[in-house]
Amino acid sequence: MKTKVKSCDSSFLEEFKRNFDEKYAELYWNKDRKGIEELFNNEFVYNAPSNYDFEYHPLDLNLSASEFYVTNIKNVYEPLKHLKPAEATREELWFTMINTVYLDYLMETLDSLKRDNKEKYLHEVKLNLYYTRSRKRSLALHRLARLWWMGYNTYDEQNTQDPYELTDFFFSKDAAGKGIVIFSNIFSNKDTALGVIEAVRENQHRISNRKESYNEINKYLNALGGVQVIDILSRERIKQLALDRIDLFFENPEIVIERDRNKVFL
């Protein structure tokens, strides 16, 4: 189904955030779909400036963790990969999209949240609607925005036959745990992310495709960042640094945190 990218005026977003508890919380507590649709049918919600038609694909919560991420990342990123990173950080965009175009997904998400504590429930709702933390942390928590960014950081334009090959590999195991890795400081650079993932894939017979392996490599790259600017290194150079570090793991396994060794080494 073809549809438009939606966004909203910042004044509408700020008013919604400011008055959520008093005016809007009950819409989401009661899962009032009609009320949400009416709220977002106003002059402050509009087609994004690009006025771009995209092929909407519904998202599915009823999948295993790996299937959920791989399937839904592709369903969000593929039709929306025309977005520039600067656009894809905008709170107004994801706030509007999850309340309009992806309202089915939002309603399924509301159904999945525990309702034994209303305050906690509404706290979770806020995380899924708008930014409540720093921009990077909020992108990691927002259920729609994070799928786009997971796709962006693992989509490999150099692989013309299967640009999602590294996406499939990265999220094939420990998908939920590694979802946070994507938003780490090191992985905020796409070339760095792709270089590290490639290094792990080439060593999947030796180390696990789990968050602990990536955390160990990221710690090393973070330390290097105090000596040289990691962001200006090529993907190939990052990959080689990661490969060298993996070799060092096996020469000196004690450099891996003891509690994580059984999760890193196969």
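Parameters at a glance
- Residues numbered from 1 in each chain as written.
- Predicted model: local features only at pLDDT ≥ 70, side-chain atom pairs only at ≥ 80, totals over all residues.
- Heavy atoms only, no water.
- Core = buried A, V, L, I, M, F, W, Y, C linked by side-chain atoms within 4.5 Å.
- Buried < 20%, exposed > 50% of the residue type's maximum accessible area, 1.4 Å probe, protein only.
- Contact = heavy atoms within 4.5 Å.
- Helix = DSSP H or I, 4+ residues; strand = E, 2+ residues; numbered from the N terminus.
- Polar contact = N/O pair within 3.5 Å; in protein donor to acceptor, adjacent residues only side chain to side chain.
- Axes fitted to C-alpha atoms, helices over the stretch in contact; angles between N-to-C directions.
- Parallel < 35°, antiparallel > 145°, perpendicular 65-115°, else oblique.
- Left-handed = near helix turned anticlockwise from the far one by under 90°.
- Nonpolar A, V, L, I, M, F, W, Y, C, P; charged D, E, K, R; others polar.
- Salt bridge = Lys/Arg side-chain N within 4 Å of Asp/Glu carboxyl O.

The next thing to look at is the nonpolar core. Of all hydrophobic cores here, the largest spans 91 residues; its most connected members are F20, Y28, W94, Y102, W148 and F187. Excluding anything up to four places from it in sequence, F187 contacts N153, F170, V181, I182, A193, V196, I197, Y214 and N218.

Our focus in this paragraph is the environment of R201. Considering the arrangement of structural elements, one finds R201 in helix α12 (residues 190-202). Note: C-alpha distance between R201 and F170 (31 residues apart in sequence) is 8.3 Å. If we ignore the near neighbours within four places in the chain, the residues touching R201 are E165, L166 and F169. At 3.0 Å, the side chain of R201 and the side chain of E165 are in polar contact.

Right, let's get into the packing of α12 against helix α13 (residues 211-224). Taken N-terminus to C-terminus, the directions of α12 and α13 make an angle of 130 degrees; their axes are 11 Å apart at the nearest point. It follows from the interaxial angle that α12 and α13 lie oblique. Note on packing geometry: the crossing formed by α12 with α13 is right-handed. Residue-level inspection shows T192, V196, I197 and V200 of α12 in contact with α13, the latter providing Y214, I217 and L221. Residues belonging to the contact of α12 with α13 are distributed by class as follows: 6 nonpolar, 1 polar and no charged.

Bringing unusual backbone geometry into the picture now. Note: most peptide bonds trans; most residues except glycine with negative phi. Even without being glycine, K31 reaches a positive phi, approximately 55 degrees. Residue position: K31 is located in the loop between α2 (20-29) and α3 (33-39). Phi at D174 takes a positive value of approximately 50 degrees, unusual for a residue other than glycine. Along the chain, D174 turns up in the loop between α10 (165-170) and α11 (175-181). Using a relative accessible area of 22% as the deciding quantity, one classes D174 as partly exposed.

One pass over the full model with this rule turns up 20 salt bridges. Between R33 and E37 there is a salt bridge; the shortest N-O distance is 3.3 Å. With R33 and E37 both in helix α3, this residue pair falls 4 residues apart, about one helical turn. Look at R33 and you get partly exposed, because its relative accessible area is 32%. Across the pair R206 and D247 runs a salt bridge, and its minimum N-O distance is 2.6 Å. A residue pair is termed long-range when its members are at least 10 positions apart, and R206 in the loop between α12 and α13 and D247 in helix α14 (residues 235-251) qualify at 41 residues. Since its relative accessible area comes to 21%, R206 is described here as partly exposed. The class for D247 is partly exposed, based on a relative accessible area of 34%. Each member of the salt-bridge network shares a partner with another, and the members are R33, E37 and D104.

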